[in-house]
Amino acid sequence: MRDHDLPARERRTRGKRRFDDDEQLFLKRGRAAGPADPDPDTEPDPDTGERWSSWDDAVHGPQPHPDWLVTELAARDTELGVLKTGKEADVHLVRRAVPDTDRSCLLAVKRYRDPQHRLFHRDAGYLEGRRVRRSRENRAMAGRTAFGRQMIAGQWAAAEFAALSRLWEFGARYGTISVPYPVQVRGTELMLEFLGDPDEGLAAPRLAQLRPEAGELRELWGQLVDALVVLARAGLAHGDLSPYNLLVHAGRLVLIDLPQVVDVVANPQGPEFLARDVRVVATWFAARGLPAADADAAALTALLLREAGIR
């Protein structure tokens, strides 16, 4: 059917449909907001580094919201510095506080790269199984046009938010998987629970930074296996698991950096991504002294594939 055969109202709205994979994650203006598309209402004040809370203009994390989270619309967000830089995104520390009250919280704010930067150099395999319906967007993403790169950035932010929300609910239900609470997502900006020392503003250490003793090493490995089993039962693999995207906070192993989470059933390369995840972390644990019988990558991979219903 051609556009001129459609009723006038449908013609006016046909080009404005939201992307199926990112329902509610793009702003009403029809373009993903992010570093390349600043919103004057939420840009930081150049003198104070403050901006109005964007809570009212974002998609929120799972309910019930944690008690520590500031959701008041009168809150202000203050930039405190950069926690981490990366090829695809930078993570900033932000304090959200209600002026003249004691209500405040620290947030880790992940901002995906401006489309002018090189980004997502290895995204082709991860994006299999994540397709938007309209061919124009698919062609733009495949061709890595400026619009296509922004589309990819939006997909990665949306995918990470969705994965964290799902895994947070799994953690609340089963208690065997830990992820930061996903506070909100707005275009290509993802706000997360800050894990670390709130007084010093120091993030929790990555597993790669630690040298656990034998007992702690075995405990962390057990937590990791439990978390991977929960992922597999949900049909998911982390997709880029390593000691650098696992935090240790208050004795708990916490999974982070999940934009590339893989559906091991829908993605033809899913089992390979899962096997690589296991191989990388098992190698690290074995190198730190975990007995080979425990850090058996082949056995754990086979178990996870069975849990995912693949073998």
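A quick note: this is a predicted structure, and the numbers were derived from the prediction, not measured.

Caption draft 1: Examining the overall build of the protein more closely. Within the protein one finds 7 helices and 13 strands. Here the protein holds 311 residues, and the buried ones make up 50% of them. Contacts in the protein between residues at least 24 apart in sequence constitute 65% of all its contacts with a sequence separation of at least 6. When the accessible surface of the protein is split by element, carbon and sulfur atoms take 49% of a total near 15800 Å².

Caption draft 2: Representation of the packing of aromatic side chains. Under the defined criterion, the tally for this structure stands at 5 aromatic pairs. The interplanar angle of 75° and the centroid separation of 4.9 Å between the aromatic rings of Trp 168 and Tyr 181 together place this pair among those described as edge-to-face. A residue pair is termed long-range when its members are at least 10 positions apart, and Trp 168 in helix H4 (residues 146-174) and Tyr 181 in the loop between H4 and strand E6 (182-186) qualify at 13 residues. Take Tyr 181: its relative accessible area is 0%, and that puts it in the buried class. The ring of Trp 52 is capped by Arg 76, whose NZ or CZ atom sits 4.3 Å from the centre of that ring.

Caption draft 3: Structural context of the side chain of Gln 223. As for its position among the elements, Gln 223 is in helix H5 (residues 214-233). Of the residues examined, Gln 223 reaches a relative accessible area of 7% and is grouped as buried. When sequence neighbours within four positions are dropped, the list of residues in contact with Gln 223 reads Thr 176, Gly 251, Arg 252 and Leu 253.

Caption draft 4: Layout of the environment of Pro 271. Mapped onto the fold, Pro 271 is located in helix H6 (residues 270-287). Placed 33 residues apart in sequence, Pro 271 and Leu 304 show a C-alpha to C-alpha distance of 9.4 Å. Filtering out sequence-adjacent residues up to four positions away, Pro 271 remains in contact with Val 264, Leu 305 and Ile 310.

Caption draft 5: View of the sheet that holds strand E7 (residues 189-193). Here we have 7 strands laid out as an open sheet, ordered E1-E3-E4-E5-E7-E6-E2, and antiparallel in their pairing. Of all the strands in the sheet, the pair left with one neighbour each is strand E1 (50-52) and strand E2 (59-60).

Caption draft 6: Spatial organisation of empty space enclosed by the protein. Under the definition given, this model contains 2 cavities of 30 Å³ or more. Contributions of two or more residues to the lining of the largest cavity are made by H5, strand E10 (236-237) and H6. Its residues assigned to classes, the lining of the largest cavity comprises 8 nonpolar, no polar and 1 charged. Considered as a void within the structure, the second largest cavity measures approximately 30 Å³ in volume. The wall of the second largest cavity is formed by Thr 176, Ile 177, Ser 178, Gln 223, Leu 224, Ala 227, Arg 252, Leu 253 and Leu 255. Secondary-structure elements contributing two or more residues to the lining of the second largest cavity are H5 and strand E12 (252-255). Here the residues of the lining of the second largest cavity are counted per class, giving 5 nonpolar, 3 polar and 1 charged.

Caption draft 7: Structural detail: the confidence of the model for the protein. With 71% of its residues at a pLDDT of 70 or more, the protein has an overall mean of 80. Scored below 50 in pLDDT, residues 1-38 makes 56 contacts in the model with residues more than four places away or belonging to other chains. Counted against residues more than four places away or in other chains, residues 140-144, with its pLDDT under 50, gives 13 contacts.

Caption draft 8: Structural view of the nonpolar core. Grouped together as the largest cluster of nonpolar side chains are 52 residues, with contacts concentrated most on Leu 207, Trp 221, Leu 224, Leu 228, Leu 246, Phe 285 and Leu 304. Sequence-distant contacts of Leu 207, that is, excluding residues within four places in its chain, are made with Leu 220, Pro 243, Leu 246, Val 248, Leu 253, Trp 284 and Phe 285. In terms of nonpolar packing, the next biggest core, distinct from the first, is built from 12 residues, Trp 55, Ala 75, Leu 107 and Tyr 181 among them.

Caption draft 9: Examining the side chain of Asn 245 more closely. As for its position among the elements, Asn 245 is in the loop between E10 and strand E11 (246-249). Asn 245 gets classed as buried once you look at its relative accessible area, which sits at 4%. Among the polar contacts listed, one links the side chain of Asn 245 to the backbone oxygen of Asp 240, at a separation of 2.6 Å. Only 2.9 Å separates the side chain of Asn 245 from the backbone nitrogen of Ser 242, close enough to count as a polar contact. The residues contacting Asn 245, other than those within four sequence positions of it, are Arg 206, His 238, Asp 240, Val 254, Leu 255, Ile 256 and Asp 257.

Caption draft 10: Structural context of H5. The terminal C-alpha atoms of H5 lie 29 Å apart, and with 20 residues this matches the ideal 28 Å at 1.5 Å per residue to within 8%. Those residues of H5 not exposed but buried are Leu 217, Leu 220, Trp 221, Gln 223, Leu 224, Val 225, Ala 227, Leu 228, Val 229, Val 230, Leu 231 and Ala 232. Directly beyond the C-terminal end of H5, a positive phi value near 80° is found at Gly 235.

Caption draft 11: Quick look at the pattern of salt bridges. Following the criterion strictly, the structure yields 11 salt bridges and no others. Here Arg 51 ties to Glu 189 by a salt bridge, and the two come within 3.2 Å at their closest N and O atoms. Residue Arg 51 is found in strand E1, and its partner Glu 189 is found in strand E7; the two are separated by 138 residues along the sequence. Taken individually, Arg 51 and Glu 189 each receive the classification buried, so the pair is uniform in this respect. Its salt-bridge partner being Arg 103, residue Glu 72 comes within 3.1 Å of it at the nearest N-O pair. Highlighted residues: Glu 72 in the loop between E2 and strand E3 (76-85) and Arg 103 in the loop between strand E4 (89-97) and strand E5 (104-112), separated in sequence by 31 residues. On the basis of relative accessible area, Glu 72 is assigned to the partly exposed category, the value being 30%. In this structure Arg 103 comes out as partly exposed when scored by relative accessible area, which is 27%.

Rules and cut-offs
In this numbering scheme, every chain counts its residues from 1 along its sequence in written order. A pLDDT threshold of at least 70 governs which residues receive local features in this predicted model, and a stricter bar of 80 or more applies before side-chain atom pairs are shown or counted, although totals over entire chains, interfaces and linings include all residues. With hydrogens and water stripped out, all remaining heavy atoms of the structure feed into the side-chain values. The way it works is that DSSP assigns letters per residue, a run of H or I at least four long becomes a helix, a run of E at least two long becomes a strand, and they are numbered from the N terminus. Think of it in three bands: residues with accessible area under 20% of the maximum for their type are buried, residues over 50% are exposed, and the middle band is partly exposed, with areas taken using a 1.4 Å probe on protein chains only. In this analysis, two residues are considered to be in contact whenever any of their non-hydrogen atoms come within 4.5 Å of each other. With residues, only the protein chains shown are counted as cover, and all accessible areas are computed by Shrake-Rupley using a 1.4 Å probe. Stacked, tilted and edge-to-face are the three classes applied to pairs of Phe, Tyr and Trp rings, where Trp contributes its six-membered ring and a pair requires centres within 6.5 Å; stacked means planes under 30 degrees apart, edge-to-face means over 60, and tilted covers the rest. Distance and angle both matter: a charge sits over a ring if NZ of Lys or CZ of Arg is within 6 Å of the ring centre and within 35 degrees of the ring normal. A strand pair is defined by DSSP finding two or more bridges across the two strands. A pocket here means an open set of points on a 1 Å grid, computed over the protein atoms alone, that has protein on both sides within 12 Å along at least five of seven lines. A cavity is instead a set of points where a 1.4 Å probe fits but cannot get out; residues with an atom within 4 Å of a point line either one. Grid points are joined across faces, edges and corners, and a volume is the space filled by probe spheres set on the points. For this classification, the nonpolar set comprises Ala, Val, Leu, Ile, Met, Phe, Trp, Tyr, Cys and Pro, the charged set comprises Asp, Glu, Lys and Arg, and every other residue, Gly included, is treated as polar. Each residue carries a pLDDT score, the predictor's confidence in it, ranging from 0 to 100. What is meant by a nonpolar core is a set of buried Ala, Val, Leu, Ile, Met, Phe, Trp, Tyr and Cys residues, joined one to another through side-chain atoms within 4.5 Å. N or O atoms closer than or at 3.5 Å make up a polar contact, with two conditions inside protein: a donor-capable atom paired with an acceptor-capable one, and, for residues adjacent in sequence, both atoms drawn from side chains. What a helix is expected to span follows from its residue count: subtract one and scale by 1.5 Å. Salt bridges are defined by distance alone: a side-chain nitrogen of Lys or Arg within 4 Å of a carboxyl oxygen of Asp or Glu.

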